[in-house]
Amino acid sequence: MNTLTINNLSLIYKKGYQAVKDISLEITNGIFGLLGPNGAGKSSLMKTIVGLQKPTSGTIIFNGTDVSKDPDYIKQNLGFLPQDFGVYPKVSAYDLLEHMAILKGVGNSIERKSQILNLLEKVNLSDFRKKEVHTFSGGMKQRFGVAQALLGNPKIVIVDEPTAGLDPEERNRFNSLLNEISQDVIVILSTHLVEDVRNLCSEMAVMNNGQILRKGKPAKLISELENRIWSKPIDQNELENYYSSHEIISRQLIERELHITVFSEEKPEDFNAVHPMLEHVYFHTLTQKP
Ligand SMILES: Nc1ncnc2c1ncn2[C@@H]1O[C@H](COP(=O)(O)OP(=O)(O)O)[C@@H](O)[C@H]1O
Ligand SMILES: [Mg+2]
């Protein structure tokens, strides 16, 4: 079992902006979902964990070793797919993996070849190994990104918004791949898509404004909202009134009719009970004042 323990982590960028505020998390094998809107600080937190940013304060302990001051130990055991992994030299998938494997210290050439071929197989790119990566579709590029992250058999894999920009089929394929690799390693997945977290993650945290606002098992967080979520169709022009009198957590057009969903400890008059879902956890968390 691998463990990543983050204690009171903060990151203030040079110009004074605090992107990570006093975050503490305990993460073990399986997929951990970091869910939050754009600008929440997900990438900043991930870059700090992988050692690309030095934390302003706090500690990051990976399998018993403090890596917050010296990230070498986590780097040796890490696979990272950054959000902006996007510049590809004009070389084939195989050659690029070979180059990256050497950089990662996979020194033995026989071992290197067998790892690369296995990984290409795993991410379903064997037939495209001689093609240049810049010609790949979005989904193929992301699967290539996973292959490079898995070089050197990492114990912790961090993927930053990997499904953004993928079509639904590519997204499903990518998510099954993540699920497959998550058995014996820590996978940290950031996303702004509730659906990805619901389908994949055993543990999750909701992040906004640099803070972790809520964390736990998705099913547990959902069950805490039992009998607290209500909805109702309304007229568009009543919306303002409802905003001032209710805690609206989402609004949705269903067959061209506006429905609002609210959080309330008691059943509001004329509203219908709704089975809580992860969306409600997310939006309710984001509407709460810090
Ligand atoms: N290098 C940087 N210098 C200063 N501010 C930054 C830097 N990178 C990100 N930020 C700011 O930190 C906040 C969080 O950004 P980011 O971590 O990219 O969020 P997310 O990945 O959740 O979208 C944003 O307000 C962003 O503008
Ligand atoms: Mg980001």
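Just so you know, these numbers come straight off a predicted model, no measurement behind them. (Residues numbered from 1 in each chain as written. Chains lettered and ligands numbered in written order. Predicted model: local features only at pLDDT ≥ 70, side-chain atom pairs only at ≥ 80, totals over all residues. Heavy atoms only, no water.)

Details of the sheet that holds strand E8 (residues 186–191)
Link 1 in the chain: On the basis of which strands lie adjacent, the open sheet formed by 6 strands has the order E6-E7-E8-E3-E9-E10 and mixed pairing. Bordering the open sheet on either side are strand E6 (78–81) and strand E10 (211–216), each of which pairs with just one other strand. The mean inter-strand angle of the sheet, taken between neighbouring strand axes irrespective of direction, is 15 degrees.
Link 2 in the chain: Pairing between strand E7 (residues 156–160) and E8: 5 bridges, direction parallel. When the sheet's bridge partners are listed, Ile-156 is paired in E8 with Ile-186.
Link 3 in the chain: On the sheet, helix H5 (residues 138–150) packs against E6 and E7 and is oriented at approximately 160 degrees with respect to E6. (Pairing = 2+ DSSP bridges. Helix = DSSP H or I, 4+ residues; strand = E, 2+ residues; numbered from the N terminus. Axes fitted to C-alpha atoms, helices over the stretch in contact; angles between N-to-C directions. Contact = heavy atoms within 4.5 Å.)

Quick notes on the domain arrangement of the chain
Link 1 in the chain: On domain assignment, one finds that the chain holds domain 1 (3–217) and domain 2 (223–287).
Link 2 in the chain: Distance from the C-alpha centre of domain 1 to the C-alpha centre of domain 2: 34 Å.
Link 3 in the chain: At the boundary of domain 1 with domain 2, total buried surface from both sides reaches about 880 Å², with 74% on carbon and sulfur atoms.
Link 4 in the chain: Considering only the surface of domain 1 that becomes buried against domain 2, Val-194, Arg-198 and Arg-214 emerge as the three largest contributors, covering 52% of it.
Link 5 in the chain: Linking domain 1 with domain 2 are 1 salt bridge, by the criterion used here.
Link 6 in the chain: When the shortest N-O distance is used, the salt bridge between Glu-279 and Arg-198 registers 3.2 Å.
Link 7 in the chain: Sorting the residues of the side of domain 1 that touches domain 2 by element identifies helix H7 (194–200), strand E9 (203–208) and E10 as the ones contributing at least two each.
Link 8 in the chain: When grouped by side-chain class, the residues that make up the side of domain 1 that touches domain 2 number 7 nonpolar, 2 polar and 2 charged. (Domains from an automatic or database assignment. Buried area = accessible area lost by both parts, 1.4 Å probe. Salt bridge = Lys/Arg side-chain N within 4 Å of Asp/Glu carboxyl O. Nonpolar A, V, L, I, M, F, W, Y, C, P; charged D, E, K, R; others polar.)

A word on the site of ligand 1
Link 1 in the chain: All residues in the neighbourhood of ligand 1 are listed as Tyr-13, Tyr-17, Ala-19, Pro-37, Asn-38, Gly-39, Ala-40, Gly-41, Lys-42, Ser-43 and Ser-44.
Link 2 in the chain: Measuring from a nitrogen atom of ligand 1, one finds a side-chain N or O atom of Tyr-13 at 3.4 Å.
Link 3 in the chain: Ser-43 is positioned with one of its side-chain polar atoms (N or O) 2.9 Å from an oxygen atom of ligand 1.
Link 4 in the chain: Coverage of ligand 1 by the protein amounts to 62% of the 560 Å² it exposes when considered alone.
Link 5 in the chain: By residue number, the principal contributor to the shell around ligand 1 is helix H1 (residues 42–49), which donates 3 residues.
Link 6 in the chain: Of the residues in the shell around ligand 1, the class split is 5 nonpolar, 5 polar and 1 charged. (Near = heavy atom within 4 Å. Polar contact = N/O pair within 3.5 Å; in protein donor to acceptor, adjacent residues only side chain to side chain. Areas by Shrake-Rupley, 256 points an atom, 1.4 Å probe, with all protein chains shown as cover.)

Describing the pattern of salt bridges
Link 1 in the chain: Inspection of every chain in the model, using the stated rule, returns 9 salt bridges.
Link 2 in the chain: Where Asp-196 meets Arg-171, a salt bridge forms, and the shortest distance between an N and an O atom there is 3.2 Å. With Asp-196 in helix H7 and Arg-171 in helix H6 (residues 168–181), this pair connects stretches of sequence that are 25 residues apart.
Link 3 in the chain: One salt-bridge network, held together by shared partners, links Arg-171, Glu-195 and Asp-196.

A word on the packing of helix H3 (residues 93–103) against H5
Link 1 in the chain: Relative to each other, H3 and H5 sit at 30 degrees, their axes nearing to 9 Å. With respect to H5, the axis of H3 lies roughly parallel. Like other packed secondary-structure pairs, H3 and H5 cross with a definite hand, here right-handed. Between H3 and H5, the contacting residues are Ala-93, Leu-96, Leu-97 and Met-100 on the first element and Phe-144, Ala-147 and Gln-148 on the second.
Link 2 in the chain: Counted by class, the contact of H3 with H5 contains 6 nonpolar, 1 polar and no charged residues. (Parallel < 35°, antiparallel > 145°, perpendicular 65-115°, else oblique. Left-handed = near helix turned anticlockwise from the far one by under 90°.)

Let's talk about the packing of aromatic side chains
Link 1 in the chain: If you walk through the whole model with that rule in mind, you get 4 aromatic pairs.
Link 2 in the chain: Relative to Phe-271, the ring of Tyr-242 has its centre 6.1 Å away and its plane inclined at 75 degrees; by these criteria the two rings are edge-to-face. Of this pair, Tyr-242 sits in helix H9 (residues 239–245) while Phe-271 sits in the loop between strand E13 (257–263) and strand E14 (272–273), placing them 29 residues apart in sequence. For the pair Tyr-242 and Phe-271, a shared accessibility class is recorded, and that class is buried. (Phe/Tyr/Trp six-rings, centres within 6.5 Å; stacked < 30°, edge-to-face > 60°. Buried < 20%, exposed > 50% of the residue type's maximum accessible area, 1.4 Å probe, protein only.)

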